[in-house]
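Notes for the structure review
The primary structure of each chain is shown beneath.
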There are 2 protein chains.
Amino acid sequence: MTMTGTGGELGAALAAAAPTVTVVTDPAVLNAHRADHASTCPSGTPAALVRPRTTDEVAAVLRFASEHRIPVVPQGARTGLSGGANAVDGAILLSTEKMTTIAGIDADNQTATVQPGVINADFSRVVAAHGLFYPPDPASWEMSTLGGNAATNAGGLCCLKYGVTADFVRGLEVVLADGRVLRTGRSTAKGVAGYDLTRLFAGSEGTLGVITELTLALRPAAETPRTAIAFFTGMAPACDVVTEVMRAAVRPSLLELIDPVSLAAVSRHRDLGFPPGTTTVLITQSDDPAHAEAVLNGFAAAAGREGGEVLIADGPEEGRMFLATRRSVGLALEREGANLSEDVCVPRTRLRELVAGVGEISARTGVTIACTGHAGDGNMHPTMVFDAGDPAKAAAAGQAFDQVMALGLALGGTITGEHGVGVLKRDWLARELGPVGLEVHGGIKATLDPLGILNPGKVLARC
Amino acid sequence: MTMTGTGGELGAALAAAAPTVTVVTDPAVLNAHRADHASTCPSGTPAALVRPRTTDEVAAVLRFASEHRIPVVPQGARTGLSGGANAVDGAILLSTEKMTTIAGIDADNQTATVQPGVINADFSRVVAAHGLFYPPDPASWEMSTLGGNAATNAGGLCCLKYGVTADFVRGLEVVLADGRVLRTGRSTAKGVAGYDLTRLFAGSEGTLGVITELTLALRPAAETPRTAIAFFTGMAPACDVVTEVMRAAVRPSLLELIDPVSLAAVSRHRDLGFPPGTTTVLITQSDDPAHAEAVLNGFAAAAGREGGEVLIADGPEEGRMFLATRRSVGLALEREGANLSEDVCVPRTRLRELVAGVGEISARTGVTIACTGHAGDGNMHPTMVFDAGDPAKAAAAGQAFDQVMALGLALGGTITGEHGVGVLKRDWLARELGPVGLEVHGGIKATLDPLGILNPGKVLARC
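Residues numbered from 1 in each chain as written. Chains lettered and ligands numbered in written order. Predicted model: local features only at pLDDT ≥ 70, side-chain atom pairs only at ≥ 80, totals over all residues. Heavy atoms only, no water.

**So, the overall build of chain A**
Selection criterion: The way it works is that DSSP assigns letters per residue, a run of H or I at least four long becomes a helix, a run of E at least two long becomes a strand, and they are numbered from the N terminus. Atoms counted for the radius of gyration: C-alpha only. Globule rule: 2.2 Å times the number of residues to the power 0.38. Summary of the burial criterion: residues with accessible area below 20% of their type's maximum are buried, those above 50% are exposed, and those between are partly exposed, where the area comes from a 1.4 Å probe applied to protein chains only. Between two residues, a contact is recorded if the distance between any of their heavy atoms is within 4.5 Å. In short, Shrake-Rupley with a 1.4 Å probe defines the accessible areas, and a residue's cover is counted only from the protein chains shown.
Of regular secondary structure, chain A possesses 15 helices and 18 strands. Since a compact globule built from 463 residues should have a radius of gyration of about 23 Å, the 23 Å found for chain A is in line with a globular shape. If you line up chain A on its principal axes, its C-alpha atoms span 70 × 60 × 40 Å. For chain A, the residues scored as buried account for 59% of the 463 residues in total. At a minimum sequence separation of 6, the contacts of chain A that also span at least 24 residues come to 73%. Carbon and sulfur atoms make up 53% of the accessible area of chain A, which amounts to about 16,400 Å² in all.

Laid out in structure tokens, this is it:
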């Protein structure tokens, strides 16, 4: 049976099928929930928003949706940058924002069990009170949810040393499209019992199931990091420093590059006091006291050889100030115009070619492109800054966007290091995967979601 | 079309379909290749053994097998412990032993591209010459292949600090059941383009595809480790030391427990010179010079509090001697009788209950059970030692085996931390996964191998 009609009718039927679930059909609320932070991605008109609190409630919603073949779009905090949480027409938006229980923290085994709607920063503070540390730190961490982080396999600044979100997900509870409840993984440090379904769901962007519980790995608390900054008059030497620093036996815990466009944007809002002629900045940290001296000295030596001027922070406060420059890049660029943010990741040794190529694309298309990012991982965020009110400029930004992805692939990289595919990069995903990869993706999607109700059109084009 | 008949007929047809592939139908050779190291697992009679050298040759074999619906059993060095590489009747054994090319080592990006038949130890020596380090070190590393390690997601002693094999696999080339060639993953440090198929194939034990190339992550060379050993008169205090040591901010790179049964077996072949009354031993290492002192002192303090006597090795040679005791456990137990090796992994704090429970199972069944393992990860190898010529004793060993798995699950653990499922634990996998988990496994298997020709009956029972 296929249900059509107004949101009100669907809302009433849904409320009857899942009587304990909060169902919202107020158009203003729905409109406020229709999109994530990918401002340029299309979003449809949802029919209802549900805010379940329990796994059973999620299952009831999905059984209803399957029965009536209604699309379901899972949403966390909608901080994604690829339109992965954007509404499709007639969809039920399934928000996890009321699933905020931290069911348990096991300090001795360094694990935690949480519902998906827990905010990353809230969780990090709670585990810190137990002397523990949850490393994944996407830029959105003060707002984004642990479930959303897992569904997109979010990265961040800490990845360089600690790995991405999926590296900290040991097990999941997932409600499948038809309402069945699946448990994946384990709570132990190791395990090879069956296929790695945990990793299959992590990063699948809500297209295969809805995560309703996560078993996360924690670490002992890290020490306050020590920080150094290097100032360059060009990007190429900074890229070479990245390769050299990452060759060392002990890696920094953070290695970020700020490019000239980003630096200029930040400078328009505050006096950075950087040496005259500085166009490019590298920032590094080490959170391991036994190695920090060597890591920072190695960084300083490499930067010096490439003509950089280096400052080592004289304490945590100055370190935070250095890093604040990096953290303010996003906001500064948003003040310059519409942003279309890229996320290519290339082998580290190709960074130099990536930034040079982005410069050429900017010159060719006339689009301003910033190119800041997680240089230590080769994961940069070229960001087209443009006037969205000018169709020609928006079109040029779109062309530049495509050219940057083509460049990333040509350099042996991937179209997305950490932001995910969503709707933004769906067509490019097909190029990266190739026909066999796409067929296998389609087969897995069809196996787990045969009616195609789960986040349709995300990651993969609709069949 | 279904082909039956003698191996000779099949061999001739196969040689015609894949003319460049070495095809062997000599019964003696086939017999020598029919099983892995899981001596108690059943194996069938294979029809042919092929030794392809290239991806195209593997694809030709699989196209032929699909066309004729002939089962294919992928084999590396057959060092597995779960019967995952055991022949099934009428199967083509697809050995990767001639796929031994190391296609490239990229020292700056710390990656390598290899064929699956490269021996782990050979590879480790080659990358060491580049100042690099490939951590995965299953006990079989001198014999086992990188492809087999990936197909089983092998663990080892280094896991404690560095992670398991899959943590070092960035991308794969896989030949699917019908001969299509799939590329998964990437060579970059990060990437979220599509579903994590790399992790799906890693640990799938040849049931979803045949790995024909691996892109592996490497690390800068580690330093020579420092080693300490602690002697206890019982297992419980040693287990408590494990929990305490793993709570520390900096973890050891190795933390192994040798139980009384194993220690007695080793002692029968050499004079260990351990303090009188020693029944249980913990061995730890740190390969990080900046932290080794603190790690070893922390270990010594924790062991001392629990009544252990501690020796810190006075150099690498003595450290190797300490570890040699651990490494000789497997051989010493094999000299005592038939071995049925377990691989349960439990949360670290449940180790004490695990070893106590194994002791009770031993008393109840009358079966000698050793219980040595990777204590830092909670991954122990309870090993039933019995007289295989006595059916009653073999049956009791089988009962003890089942009871240990039930115990592992009851303690919140998994039936296999690193050895895999194969045929040995297929029925127990169903118990660990539960009905929904099993359905999803079956769906994925059917999607990727609709004819069920790939390693049939391994991991999952035949449909």
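**Remarks on the sheet that holds strand E1 (residues 22–24) of chain B**
All names here are of chain B. As a reminder of what qualifies: Only when DSSP finds a minimum of two bridges between them are two strands counted as paired. Orientation is described by axes fitted as lines to C-alpha atoms, over the contacting stretch for helices, and by angles from 0 to 180 degrees between their N-to-C directions.
Overall, mixed pairing links the 4 strands, which are arranged E1-E2-E4-E3 in an open sheet. One side of each edge strand has no neighbouring strand; the edge strands of this open sheet are E1 and strand E3 (72–75). Adjacent strand axes in the sheet meet at a mean angle of 25°, parallel and antiparallel pairs treated alike. Direction of pairing for E1 relative to strand E2 (residues 48–51): antiparallel, over a ladder of 3 bridges. When the sheet's bridge partners are listed, Val23 is paired in E2 with Val50. The strands that helix H3 (residues 55–68) touches are E2, E3 and strand E4 (92–95); relative to E4, the one it contacts most, it runs at about 165°.

**Some words on the relation of the copies chain B and chain A**
To be explicit about the condition: When the copies are superposed, the least-squares fit takes in the C-alpha atoms of residues with a pLDDT of at least 70 in both.
Laying chain B over chain A is done by rotating through 180° and shifting 0.0 Å along the axis; what remains is an RMSD of 0.0 Å. Such a turn and shift between the copies fits a two-fold axis. Distance from the rotation axis, computed per C-alpha, reaches its smallest value in chain B at B:Ala290: 2.8 Å. Same-surface contact between copies: 100% of interface residues of chain B are shared with the interface of chain A.

**Looking at the interface of chain B and chain A**
The line we're drawing: Two parts placed together each lose some accessible area; with a 1.4 Å probe, that loss summed over both constitutes the buried area. Here, a salt bridge means any Lys or Arg side-chain nitrogen found within 4 Å of an Asp or Glu carboxyl oxygen.
Contact residues are listed per partner, giving 76 residues for chain B and 76 residues for chain A. Roughly 5,800 Å² is buried in total at the junction of chain B and chain A, and carbon and sulfur atoms are behind 58% of that figure. When the buried surface of chain B facing chain A is broken down by residue, B:Lys190, B:Val192 and B:Tyr195 rank first, second and third, together holding 17% of it. Applying the counting rule to chain B against chain A returns 6 salt bridges.

**So, the pairing of strand E17 (residues 368–374) of chain B**
Residues and elements named next belong to chain B. When you tally the buried positions in E17, you get 6 out of 7 residues, the bulk of the element. One ladder, built from 7 bridges, connects E17 with strand E18 (residues 379–386); its direction is antiparallel. Bridge assignment links Thr368 to a residue of E18, and that residue is Val385.

**Details of the environment of B:Gly359**
For B:Gly359, the position within the fold is in helix H13 (residues 351–365). Once the C-alpha coordinates of B:Gly359 and B:Arg219 are considered, the two residues, 140 residues apart in sequence, prove to be 40 Å apart.

**Description of the sheet that holds strand E10 (residues 210–217) of chain B**
Residues and elements named next belong to chain B. The 5 strands lie next to each other as E5-E6-E10-E8-E9, forming an open sheet whose pairing is antiparallel. Sheet topology places strand E5 (102–106) and strand E9 (181–185) at the edges, where each strand pairs with a single neighbour. Ignoring strand direction, the axes of neighbouring strands in this sheet form an average angle of 10°. Pairing analysis gives 4 bridges linking E5 to strand E6 (residues 111–114), with the strands arranged antiparallel.

**Considerations on the nonpolar core**
The condition that has to hold: Here, nonpolar core means buried Ala, Val, Leu, Ile, Met, Phe, Trp, Tyr and Cys residues that are tied together by side-chain atoms lying within 4.5 Å of each other.
If you look at the biggest cluster of nonpolar residues, it comprises 176 residues, and the most contacted ones within it are A:Phe123, A:Leu282, A:Met384, B:Phe123, B:Leu282 and B:Met384. Residues contacting A:Leu282, with those up to four places away along its chain left out, are A:Ala228, A:Ile229, A:Ala230, A:Phe232, A:Ala238, A:Val241, A:Val242, A:Leu255, A:Glu256, A:Leu257 and A:Phe299.

**Here's the deal with helix H3 (residues 55–68) of chain A**
Residues and elements named next belong to chain A. Note the cut-off: What a helix is expected to span follows from its residue count: subtract one and scale by 1.5 Å.
Between its first and last C-alpha atoms H3 spans 20 Å; for 14 residues at 1.5 Å apiece the expected length is 20 Å, and the two agree. Summarising burial for H3: 11 of the 14 residues are buried, a large majority. Among the residues trailing H3, Arg69 stands out with phi positive, at a value near 55°.

**Side note on the packing of aromatic side chains**
Definition in use: Side-chain rings of Phe, Tyr and Trp (the six-membered ring for Trp) are treated as a pair once their centres are within 6.5 Å; stacked means planes under 30 degrees apart, edge-to-face means over 60, and tilted covers the remaining angles.
For the structure on display, the rule yields 8 aromatic pairs over all chains. Seen from their ring centres, B:Phe231 and B:Phe274 are 4.8 Å apart, and the 50° between their planes marks the pair as tilted. One end of the pair, B:Phe231, is in strand E12 (residues 226–232); the other, B:Phe274, is in the loop between helix H9 (260–267) and strand E14 (280–286), and 43 residues separate them in sequence. What makes B:Phe274 buried here is its relative accessible area of 19%. Three or more aromatic residues joined by ring pairs make a cluster, and in this case those are A:Phe123, A:Tyr134 and A:Phe168.

**Some points on the pairing of E14(B)**
All names here are of chain B. Within E14, 7 of the 7 residues are buried, leaving the element largely enclosed by the surrounding structure. Of the two faces of E14, the one holding Thr280, Leu282, Thr284 and Ser286 and the one holding Val281, Ile283 and Gln285 are both buried throughout. Examined bridge by bridge, E12 and E14 share 7 bridges and lie antiparallel to one another. What sits directly across from Ile229, in E14, is Ile283. Pairing geometry for strand E13 (residues 254–258) and E14, over 5 bridges, is antiparallel. Along E14, the bridge assignment pairs Leu255 with Thr284.

**Re unusual backbone geometry**
All names here are of chain A. Of note, Arg78 is a non-glycine position whose phi angle comes to about 55°, a positive value. With respect to the helices and strands, Arg78 occurs in the loop between strand E3 (72–75) and strand E4 (92–95). A positive phi angle, close to 65°, is found at Val459, a residue other than glycine. Tracing the sequence through the fold places Val459 in the segment after helix H15 (426–448). The class for Val459 is buried, based on a relative accessible area of 2%.

**Things to note about the pattern of salt bridges**
Opposite charge on two side chains permits them to pair, given that their charged atoms come into close proximity. Overall, the coordinates contain 40 salt bridges over all chains when judged by the stated rule. Residues B:Arg268 and B:Glu336 are paired through a salt bridge, measuring 2.7 Å at the closest nitrogen-oxygen approach. On the criterion of sequence distance, the pair formed by B:Arg268 in the loop between H9 and E14 and B:Glu336 in the loop between helix H12 (329–334) and strand E16 (338–341) is long-range, its members being 68 residues apart. On the accessibility criterion, B:Arg268 (53% relative accessible area) is exposed. For B:Lys445, the salt bridge goes to B:Asp449, with nearest N and O atoms at 2.7 Å. Residue class for B:Lys445 comes out buried when judged on its relative accessible area of 15%. Residue classification places B:Asp449 among the buried residues on the basis of a relative accessible area of 2%. Salt bridges sharing partners connect three or more residues here, namely A:Asp122, A:Arg125 and A:Glu142.

**Some points on the environment of B:Thr101**
All names here are of chain B. Examined against the element boundaries, Thr101 turns out to sit in the loop between E4 and E5. Classification of Thr101 as partly exposed rests on a relative accessible area of 44%. Once you skip the residues sitting within four places of it in the chain, Thr101 turns out to touch Val114, Gln115 and Val118.

**Side note on the side chain of A:Thr365**
We apply this condition: Contacts described as polar in this section are N or O atom pairs within 3.5 Å, which, within protein, must combine one atom able to donate a hydrogen with one able to accept it, while residues neighboring in sequence count only if both atoms come from side chains.
As for its placement among the helices and strands, A:Thr365 is situated in helix H13 (residues 351–365). Among the polar contacts made by the side chain of A:Thr365, one reaches the main-chain carbonyl oxygen of A:Ile361 at a distance of 2.7 Å.

**Quick notes on the environment of A:Val21**
Tracing the sequence through the fold places A:Val21 in the loop between helix H1 (7–17) and strand E1 (22–24). A:Val21 sits 438 residues away from A:Val459 along the chain, and the two C-alpha atoms are 28 Å apart.

**Some words on the packing of helix H8 (residues 235–247) of chain B against helix H10 (residues 289–305) of chain B**
All names here are of chain B. Put simply, the test is: Should the near helix be turned anticlockwise from the far one by less than a right angle, the crossing is termed left-handed; should it be turned clockwise, right-handed. Under the grouping applied here, Gly and all other residues not named as nonpolar or charged are polar, the nonpolar ones being Ala, Val, Leu, Ile, Met, Phe, Trp, Tyr, Cys and Pro and the charged ones Asp, Glu, Lys and Arg.
Between H8 and H10, whose axes approach to 9 Å, the crossing angle comes to 145°. Here H8 runs over H10; the crossing is right-handed. Taking contact as the criterion, the partners of Val241, Glu244 and Val245 in H8 are, on H10, Phe299, Ala302, Ala303 and Arg305. Residues belonging to the contact of H8 with H10 are distributed by class as follows: 5 nonpolar, no polar and 2 charged.

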